[in-house]
Amino acid sequence: MRMRKVFRGLVVAILVIAVFTAGCIGETTSNSGKTTQGQSGTSTTTTTTTTAIQTIYPLTIKDDMNRTVTITKEPQRIVSLAPSITETLFYIGAGGKLVGVTQWDDWPPAVENITRIGGYGKYANVEIIANLSPDLIIADAYSLDILGNLEKIAPVVVVNPKDVNGIYNQIELLGKITNRQGQAGRVIEEMKANISRVTEKVKNLTRPRVFFLLSAYNGEYWTAGKDTFMDDVIRLAGGRNIFDDISGWGKPGREEILARDPEVIVLLPTSGIDATQLCDTFLAQTTAVKEGKVYTAKDANVYQRPSPRIVNAIMEMAEFLHPAAFNLGFNSTACAVSSSSG
């Protein structure tokens, strides 16, 4: 718990900086030690004599879909088509530039005051977006179906992180295109430092077999395979994903899950099933359920959204997999029966 508190403290510090700088165009520091803040018109004395990294516009970049996108000037009116993008922009101090977000955006609390542009990705309302007159739209791969319509409104940058390194690249890219490179670099450094603390703590421990349960609706048990950031979460936390040989998201069958016999099951609170209900399914035959090593994540979003908050997921997963290493204890959810149908 101590490491999680440390990271939360760093998160608070980062967000304080983000809120303070959200409305500023940029920060420059002269050799005399004077710091000026873009639009705010204020100046403060600082001990540093370095110059903050500034983006030079027009800027031409390659996005995650290998598209060439030119941004003529620093964006001031941004529409985000994914909650993870919104979270990242707030982390790097560019949240104040947002004029539109999806109906699913709920973090940080400041998003409550931003216009909603409809659903996630391809379910966004193009007409509402156009009426907001954005000078930049940032989307992920789930928006490709409406990409042509979006490009008629403003330049569109598509990000598509598939693992933690991809999240780092996303942060770096968004920092560059929004002129927040310095803050983006600091966010990445803090993430790497906290992840390193976890990996160092679990590196010599036995890696348990893990079944990550995303959804259990209609008898289909969806999980995450390789090339997903959830697979990275398990690996970095000191576990072994039993389905790291499938690509992307999959729904393995009953026999396949039992054959791989997970020692730990981690499920999302949005999965449609809780830990005790697993006792009434075939999963009661697994080592994980028999030994009570079934854990429910506190917040599904930190696992599902490729944003800087993925660090929270890695920390929590490590505590689930190696509670003794973190001086923690969890209540058992072992079943009274050894097998069941379902």
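Since the model is a prediction, treat every value here as computed from it, not as a measurement. (Residues numbered from 1 in each chain as written. Predicted model: local features only at pLDDT ≥ 70, side-chain atom pairs only at ≥ 80, totals over all residues. Heavy atoms only, no water.)

Another aspect to go through is the pairing of strand β4 (residues 59–62). Side chains Leu 59 and Ile 61 project from β4 onto a buried face, and the interleaved Thr 60 and Lys 62 project onto a face without burial. Here β4 pairs with strand β5 (residues 68–71) via four bridges, running antiparallel. Directly across from Ile 61, in β5, lies its bridge partner Val 69. Where β4 folds back on β5, the antiparallel hairpin that results is connected by five residues, among which Asn 66 adopts a positive phi of roughly 60°. (Buried < 20%, exposed > 50% of the residue type's maximum accessible area, 1.4 Å probe, protein only. Helix = DSSP H or I, 4+ residues; strand = E, 2+ residues; numbered from the N terminus. Pairing = 2+ DSSP bridges.)

Reading across the sheet, the four strands line up as β13-β11-β15-β16 and stay open at both edges, with parallel pairing between neighbours. Of all the strands in the sheet, the pair left with one neighbour each is β13 (240–241) and β16 (294–296). As judged from the four bridges shared by strand β11 (residues 209–213) and strand β15 (residues 264–267), these two strands associate in the parallel manner. Counterpart to Val 210 in the pairing with β15 is Val 264.

As a further point, take the environment of Ser 80. Among the secondary structure elements, Ser 80 is positioned in strand β6 (residues 78–80). Here Ser 80 falls in the buried class, since its relative accessible area comes to 0%. In this structure, the C-alpha to C-alpha distance between Ser 80 and Ile 138, residues 58 residues apart in sequence, is 5.1 Å. Sequence-distant contacts of Ser 80, defined by excluding residues within four places in its chain, comprise Ile 85, Thr 86, Leu 98, Gly 100, Val 101, Thr 102, Asp 105, Ile 117 and Ile 138. Looking at Ser 80, its side chain comes within polar contact range of the main-chain oxygen of Ala 82, at 2.9 Å. (Contact = heavy atoms within 4.5 Å. Polar contact = N/O pair within 3.5 Å; in protein donor to acceptor, adjacent residues only side chain to side chain.)

In this model, helix α6 (residues 181–202) (22 residues) spans 32 Å end to end at C-alpha, consistent with the 32 Å of a helix rising 1.5 Å per residue. Buried within α6 we find Gln 183, Ala 184, Val 187, Ile 188, Met 191, Asn 194, Ile 195, Val 198 and Val 202. Looking straight down α6, one finds that the buried residues subtend no more than 140° of arc, so they occupy a single side. (Expected span 1.5 Å × (residues − 1). Arc of directions from axis to C-beta.)

This part is about the packing of aromatic side chains. Within the structure shown, the criterion is met by seven aromatic pairs. Between Phe 211 and Phe 243, the ring centres sit 5.9 Å apart and the planes meet at 65°, which makes this aromatic pair edge-to-face. Here Phe 211, found in strand β11, pairs with Phe 243, found in the loop between β13 and β14 (249–250); they are 32 residues apart in sequence, far enough to count as distant. Summarising the burial analysis for this pair, Phe 211 and Phe 243 share the class buried. (Phe/Tyr/Trp six-rings, centres within 6.5 Å; stacked < 30°, edge-to-face > 60°.)

This part takes up the pattern of salt bridges. In a structure, side chains of opposite charge can pair up when their charged atoms sit close to one another. Following the criterion strictly, the structure yields 17 salt bridges and no others. The partner of Lys 203 in a salt bridge is Glu 200, with the nearest N and O atoms 2.9 Å apart. Of the residues examined, Lys 203 reaches a relative accessible area of 48% and is grouped as partly exposed. Residue Glu 200 is classed as partly exposed on the basis of its relative accessible area of 48%. Through salt bridges with shared partners, a single network forms among Glu 87, Asp 106, Asp 299, Arg 305 and Arg 309. (Salt bridge = Lys/Arg side-chain N within 4 Å of Asp/Glu carboxyl O.)

Keep in mind these numbers describe shape, not what the thing actually does.
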